[in-house]
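Take a look at the letters that make up each chain.
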Amino acid sequence: MEEKALFNKLKNKSLFEKAFVYAIYDRINNDDFCNFFEINFYRNRKSELYQEITDILDDFTCFQHSVCFAYYRPKDNLCFRRCVYIPFKELVIRYMILVIIVELTEHTLSKQCFSYRVASKKYSDKNLFEHKK
């Protein structure tokens with residue numbers, strides 16, 4: 001896909017809406033640290049977040065990543081798993097990119113693939129991309 005077309009696709013409002021839902025779902029269900037004040041803040045300012053992300057995509061050379069932090073949680077008795085807490089805006093951008101990659105590659109994968117697949121009906125109840133409201 002051409003670079004300009006990719007950036008135009010990233011600016012799509014419906015893609016942002018989808019990524020926004022995935023980011024909230026991920027934050028609530030998968031993160032060790034869920035800040036509900038952060039989620040409420042971005043829910044109330046969704047249009048401002050969309051505008052901020054499109055501004056970043058217009059001139060990504062000026063993008064400043066928000067402050068992240070690392071934490072360690074027990075993996076087993078011998079070691080810890082290093083994790084990084086991604087700020088919500090960056091998490092939405094990450095999901096926007098992920099959705100495009102899935103859309104571009106899913107149709108090329110083998111039907112005999114035994115790994116977890118986004119389009120697999122077998123896993124639709126666990127599937128993040130088919131989020132049930």
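All values derive from a computational prediction rather than experimental measurement.

Draft legend 1. A look at the packing of aromatic side chains. Under the definition given, this model contains ten aromatic pairs. Between tyrosine 22 and tyrosine 95 the ring centres are 6.0 Å apart and the planes differ by 65°, which places this aromatic pair in the edge-to-face class. Of this pair, tyrosine 22 sits in helix 2 (residues 13-29) while tyrosine 95 sits in helix 5 (residues 88-105); the two residues are 73 residues apart in sequence, bridging distant segments of the chain. This pair shows no difference in class: tyrosine 22 is buried, exactly as tyrosine 95 is. Relative to tyrosine 71, the ring of phenylalanine 33 has its centre 4.6 Å away and its plane inclined at 90°; by these criteria the two rings are edge-to-face. Residue phenylalanine 33 is located in the loop between helix 2 and helix 3 (36-44), and its partner tyrosine 71 is located in strand 1 (residues 69-74); the two are separated by 38 residues in the primary sequence. Assessed through its relative accessible area of 12%, tyrosine 71 is described here as buried. Positioned above the aromatic ring of tyrosine 50 is the side chain of lysine 13, whose terminal nitrogen or guanidinium carbon lies 4.4 Å from the ring centre.

Draft legend 2. Region of interest: helix 5. For helix 5, spanning 18 residues, the distance from its first C-alpha to its last is 26 Å, which sits close to the expected 26 Å at 1.5 Å a residue. Taken together, the buried positions of helix 5 are Phe88, Lys89, Glu90, Leu91, Val92, Ile93, Tyr95, Met96, Val99, Ile100 and Val102. Elements that come into contact with the buried residues of helix 5 comprise helix 1 (3-10), helix 2, helix 3 and helix 4 (46-58).

Draft legend 3. A look at the pairing of strand 2 (residues 80-85). In this sheet, strand 2 lies alongside strand 1 in antiparallel orientation, the contact comprising six bridges. Bridge pairing in strand 2 places proline 74 opposite phenylalanine 80. Two successive antiparallel strands, strand 1 and strand 2, enclose a turn made up of five residues.

Rules used in this analysis
Residues numbered from 1 in each chain as written. Predicted model: local features only at pLDDT ≥ 70, side-chain atom pairs only at ≥ 80, totals over all residues. Heavy atoms only, no water. Phe/Tyr/Trp six-rings, centres within 6.5 Å; stacked < 30°, edge-to-face > 60°. Helix = DSSP H or I, 4+ residues; strand = E, 2+ residues; numbered from the N terminus. Buried < 20%, exposed > 50% of the residue type's maximum accessible area, 1.4 Å probe, protein only. Lys NZ or Arg CZ within 6 Å of the ring centre and 35° of its normal. Expected span 1.5 Å × (residues − 1). Contact = heavy atoms within 4.5 Å. Pairing = 2+ DSSP bridges.

What is shown is where atoms sit, not what they do.
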